[in-house]
Amino acid sequence: MTSSDNLPEQVGANSLGVGDDASDSPCIGVCTTLYDEICQGCGRTLGEVSNWVFFSQEEKDSVWKRIRADGTAMRFQRQSKENT
């Protein structure tokens, strides 16, 4: 038995371990900006990151669509490596 056996399961709470479809937030826990206001980990703007919990589902869907289309965030680079 490991120490994690007694922890409650948090479905969709950790986007590091689940794919896009199971995760509410694009966050992968690599929060960094370099020379601009776009997070290198998830591809969201600083405003989107800080206001995510207040966004409607439509607003979240719009952000997801944009960052998936861009595909340059670490989240998508890691996923493409895992799928090859």
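(A) Quick peek at the nonpolar core. Listed in full, the 6 residues of the largest apolar core are Trp52, Val63, Trp64, Ile67, Ala73 and Phe76. Ranked by the residues each element gives to this core, the list is headed by helix H2 (residues 57-70), at 3 residues.

(B) Seen up close, the environment of Val53. Considering the arrangement of structural elements, one finds Val53 in the loop between helix H1 (46-51) and H2. For the pair Val53 and Asp24, spaced 29 residues apart in sequence, the C-alpha separation works out to 9.7 Å.

(C) Structural view of the pattern of salt bridges. Scanning the entire structure with this criterion turns up 2 salt bridges. Between Asp24 and Lys60 there is a salt bridge, with the nearest N and O atoms lying 3.2 Å from each other. Here Lys60 lies in helix H2 and Asp24 lies in the segment before H1, a separation of 36 residues in the sequence. The exposure class of Lys60 is buried, given its relative accessible area of 10%. A salt bridge links Arg66 to Glu48; the nearest nitrogen and oxygen atoms lie 2.7 Å apart. With Arg66 in helix H2 and Glu48 in helix H1, this residue pair connects regions lying 18 residues apart in the sequence. Residue Arg66 is classed as partly exposed on the basis of its relative accessible area of 35%. Using a relative accessible area of 12% as the deciding quantity, one classes Glu48 as buried.

(D) Inspection of the confidence of the model for the chain at higher detail. Here the chain averages 77 in pLDDT, and 65% of its residues register 70 or above. Looking at the elements of the chain, mean pLDDT is at its lowest for helix H3 (residues 74-82), recorded as 72, and at its highest for H2, recorded as 96. Counted against residues more than four places away or in other chains, residues 1-18, with its pLDDT under 50, gives 15 contacts.

(E) Region of the structure containing the packing of aromatic side chains. Under the definition given, this model contains 1 aromatic pair. Their ring planes at 50° and their centres at 5.8 Å tell us that Trp52 and Phe55 sit as a pair that is tilted. The ring of Trp52 has Arg44 sitting right over it, with the charged end atom 4.9 Å from the ring centre.

(F) Spatial organisation of H2. Over its 14 residues, H2 runs 20 Å from end to end, which matches the ideal 20 Å to within 8%, given 1.5 Å per residue. Turning to H2, its buried residues number three or more, namely Lys60, Val63, Trp64 and Ile67. All buried residues of H2 lie within an arc of 100° about the axis, which places them on one face of the element. Those residues of H2 that are exposed and angled more than 90 degrees off the buried face are Glu58, Lys65 and Ala69.

Rules used in this analysis
- Residues numbered from 1 in each chain as written.
- Predicted model: local features only at pLDDT ≥ 70, side-chain atom pairs only at ≥ 80, totals over all residues.
- Heavy atoms only, no water.
- Core = buried A, V, L, I, M, F, W, Y, C linked by side-chain atoms within 4.5 Å.
- Buried < 20%, exposed > 50% of the residue type's maximum accessible area, 1.4 Å probe, protein only.
- Helix = DSSP H or I, 4+ residues; strand = E, 2+ residues; numbered from the N terminus.
- Salt bridge = Lys/Arg side-chain N within 4 Å of Asp/Glu carboxyl O.
- pLDDT = per-residue confidence, 0-100.
- Contact = heavy atoms within 4.5 Å.
- Phe/Tyr/Trp six-rings, centres within 6.5 Å; stacked < 30°, edge-to-face > 60°.
- Lys NZ or Arg CZ within 6 Å of the ring centre and 35° of its normal.
- Expected span 1.5 Å × (residues − 1).
- Arc of directions from axis to C-beta.

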